[in-house]
Structures are given as structure tokens and as C-alpha cells.
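Given next are the chains, with one letter for each unit.
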Amino acid sequence: MPVSLKTPDEIEKMRVAGRLAADVLEMIGPHVGAGISTGELDRICHDYIVNVQQAIPAPLNYNGFPKSICTSLNQVVCHGIPSDAKILKNGDILNIDVTVIKDGYHGDTSKMFFVGEVAPHAKRLVRVTQECLYKAMEIVRPGVQLGDIGHVIQTHAEANNYSVVREYCGHGIGRVFHEDPQVLHYGKPGTGLKLEEGMTFTIEPMINLGERHTKLSKADGWTVTTRDRRLSAQWEHTLVVTQNGVEVLTRRPDEPF
């Protein structure tokens, strides 16, 4: 599939969808705490997206995914399925991944949350993973290559003695949830597709405390965990390449760009 360059009208629609996705993460934050289930968090987000935003939660029924958000807890790398049986407890780290469809266009973003008092090693993993995303976004502009993005993430993660998940990656996005290009979170500088103005894609590094290897649940076909059961963290934004840099379509008010 050729990489699509979005028109100004399409980018404006993606701005709207991106802003809505960011708003969901802002809305759900105060609800994240010990004692609530990930199933309840899903219901709150679903209601907000459908009834308040008048939008569509993209994950719901996507290739059979049964819920409206992904909730990836502790050793879950990505695609965790919300459940009433999964109760948050003090010390947990949680990724909530939200994708909203508005007027046919997608906005995709995720954020890490702390539940109560979190161990220093877990906080550090979350912080460094966010730094990996920010460092990658900083270099996005026309002419940069996808390998440069992967290299920045891999270098920062490995300098902090963490590992980068390789089986899952960022992706092009627009009218289609997942389109080309694939955006790997590891790589060599000066390799891969060159970025052009109008490209829209996600960067969403998944960084592990231990080994990079993952395991896909045979029970549900979705939940991905670290094979060594150690912690994993992820942050995600949807971006558009501009004439001389980047615009973060899913930026939240507390972010410094």
C-alpha cells in the first residue's frame, strides 16, 4: 500500500479526532485508582466517546477486539482487554490506549498512569519510555528517515538498560486505523522511508524492564505480555509531518511542545 499524503482538509479532520482522543485520556485520569476495574474504565471511556463526543471508539469490534479501549497493566505490553475481573491495586502501572473515529478519521494515543504509590524502578521505566517518544518526535521533519526515528528510541532505551519490543510498532493512520508505513522503534540511521510533508503516523514505543521478547495470549488472541513477566511501558502520539517539522495531533495540555 503506498503511503498516503493527507490534504489540508484531511489533516484538519485528523486534528479534531486527535484532540478528542487526547480529551479521553484527560477525562479518565481522575478515575484511575486502586479498587476500580479496567472494565469500568472501559465503560466510562465508551460512554464519553459515544455520548459526549458523538464519536466512535475504533478498537470496538476491530478484528474482533471486544472493548472500546486497551488497558495494558504491568507486564502487559499492549492490547490488554478491559475486564471487570481486573481490579487496579496500589503500585500498578497502567497504559490506556484510546483511538477515536470522528467524521471518518482516526486519532490514536496512549498514556501511562500510576496507581497509588509506585516503586521507583517502575516510575523510571515509565519516564524513560516517555522520553523515548519525545526524542523521536523532536527529529520528525521532511527528509528524515524512519530508521532515524527507530535509532533514537533504541539508543535512549538501551542507554538506560531497557529493551525495545520489536514485534509491534507504530503505523500510518488516517481514514484507515492501520496503514503504511510501519514505524519501527529500533533501527539504523539513514535507512528506511523518507518522511514527506502530509504523512500521518503514530510513534508508540514499547519499552521493557527486562528482555525484549513478548508472548501473545492463546486464550484471548490479543493480550501481549513480556515473556519474562517483567514490567513494560508505552506512550503514543499521532503526528503529521509539516513543511519544516511536526505537529502532534494528540497533544495533551500538560505537554511541553
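The structure displayed is predicted, hence computed values, not measured ones. (Residues numbered from 1 in each chain as written. Predicted model: local features only at pLDDT ≥ 70, side-chain atom pairs only at ≥ 80, totals over all residues. Heavy atoms only, no water.)

**Describing the overall build of the chain**
Where we set the bar: Put simply, DSSP H or I for four residues or longer makes a helix, DSSP E for two residues or longer makes a strand, and each gets a number counted from the N terminus. The atom set for the radius of gyration is the C-alpha atoms, and the globule formula is 2.2 Å times the number of residues raised to the power 0.38. Any pair of residues with heavy atoms lying within 4.5 Å of one another is described as a contacting pair. In this description, accessible areas are obtained by the Shrake-Rupley approach with a 1.4 Å probe, and a residue is regarded as covered only by the protein chains that are shown.
Per the secondary structure count, the chain includes four helices and 15 strands. Computed over C-alpha atoms, the radius of gyration of the chain comes to 17 Å, within 12% of the 18 Å expected from 2.2 N^0.38 for 257 residues, which places it in the range of a compact globule. Counting only C-alpha atoms and orienting by the principal axes, one finds that the chain spans roughly 45 × 45 × 35 Å. Partitioning the intrachain contacts of the chain with sequence separation of at least 6 by distance along the chain shows that 70% fall at a separation of at least 24. Approximately 11,100 Å² of the chain is accessible, and the part contributed by carbon and sulfur atoms is 51%.

**Considering the packing of aromatic side chains**
To keep it simple, the criterion reads: For Phe, Tyr and Trp, rings pair up if their centres lie within 6.5 Å, where Trp contributes its six-membered ring, and each pair is then called stacked (planes under 30 degrees apart), edge-to-face (over 60) or tilted (otherwise).
Within this structure, the stated rule accounts for three aromatic pairs. Here F65 and W222 contribute two aromatic rings whose centre-to-centre distance is 5.1 Å and whose plane-to-plane angle is 85°, an arrangement assigned as edge-to-face. One end of the pair, F65, is in the loop between β1 (56-57) and β2 (70-73); the other, W222, is in the loop between β11 (214-216) and β12 (224-226), with 157 residues separating them in the sequence. Both rings, one in Y134 and one in F257, keep their centres 5.3 Å apart while their planes meet at 85°; by these two values the pair is edge-to-face. Taken together, the residues Y134 in helix α3 (residues 120-138) and F257 in the segment after β15 (246-248) connect sequence positions 123 residues apart.

**Observations regarding the sheet that holds β11**
The test is simple: Two strands are counted as paired when DSSP detects at least two bridges linking them. What counts as an axis is a line fitted to C-alpha atoms, over the stretch in contact for a helix, and the angles between N-to-C directions run from 0 to 180 degrees.
If you walk across this open sheet you meet the three strands as β3-β12-β11, and the pairing is antiparallel. Two strands close off the open sheet at either side, each with one partner strand: β3 (76-78) and β11. Pairwise comparison of adjacent strand axes, ignoring direction, gives a mean angle of 40° for this sheet.

**What to know about the side chain of S232**
Note the cut-off: We call a residue buried when its accessible area falls under 20% of the maximum for its residue type, exposed when it is over 50%, and partly exposed in between, using a 1.4 Å probe and counting protein chains only. A 3.5 Å cut-off defines polar contacts: any pair of N or O atoms within that distance qualifies, except that in protein one atom must be a possible hydrogen donor and the other a possible acceptor, and neighbouring residues in sequence count only when both atoms are side-chain atoms.
Structurally, S232 can be placed in strand β13 (residues 232-234). Note on S232: relative accessible area 3%, which makes it buried. A polar contact is formed between the side chain of S232 and the backbone oxygen of I207, at a distance of 3.4 Å. Of the polar contacts made by the side chain of S232, one reaches the side chain of N208; its length is 2.7 Å. Filtering out sequence-adjacent residues up to four positions away, S232 remains in contact with N74, Q75, V76, V77, I93, M112, L125, I207, N208 and T226.

**Re the side chain of Q234**
Counting through the fold element by element, Q234 comes out in strand β13. In this structure Q234 touches V77, C78, N95, S110, K111, M112, T129, E204, P205 and M206, once residues within four positions along its chain are discounted.

**A word on the nonpolar core**
Short version of the rule: Side-chain atoms within 4.5 Å are what join buried Ala, Val, Leu, Ile, Met, Phe, Trp, Tyr and Cys residues into a set we call a nonpolar core.
Grouped together as the largest cluster of nonpolar side chains are 33 residues, with contacts concentrated most on V140, I149, L195, F201, I203 and I207. Listed by contribution, the elements that provide at least two residues to this core are α3, α4 (146-159), β9 (200-203) and β14 (237-241). Per element, the largest residue contribution to this core is nine residues, and it comes from α3.

**Some thoughts on the sheet that holds β13**
Through backbone hydrogen bonds, the strands of a sheet pair up, either in parallel or in antiparallel fashion. What the three strands build is an open sheet, ordered β6-β10-β13; its pairing is antiparallel. The open sheet terminates on both sides in strands that have one partner only, identified here as β6 (163-164) and β13. With two bridges connecting them, β6 and strand β10 (residues 206-208) associate as antiparallel partners. Paired with V164 across the strands is I207, a residue of β10.

**Looking at unusual backbone geometry**
Each neighbour pair has its own omega, and for D180 with P181 the value is 5°, a cis peptide bond. For P181, the location among the structural elements is in strand β8 (residues 179-183). Of note in the backbone geometry, N63 takes a positive phi value of approximately 50° without being a glycine. Not every positive phi belongs to a glycine, and R229 is a case in point at roughly 65°. Checked against the element boundaries, R229 lands in the loop between β12 and β13.

Keep in mind that these numbers describe shape and distance, not what the molecule does.
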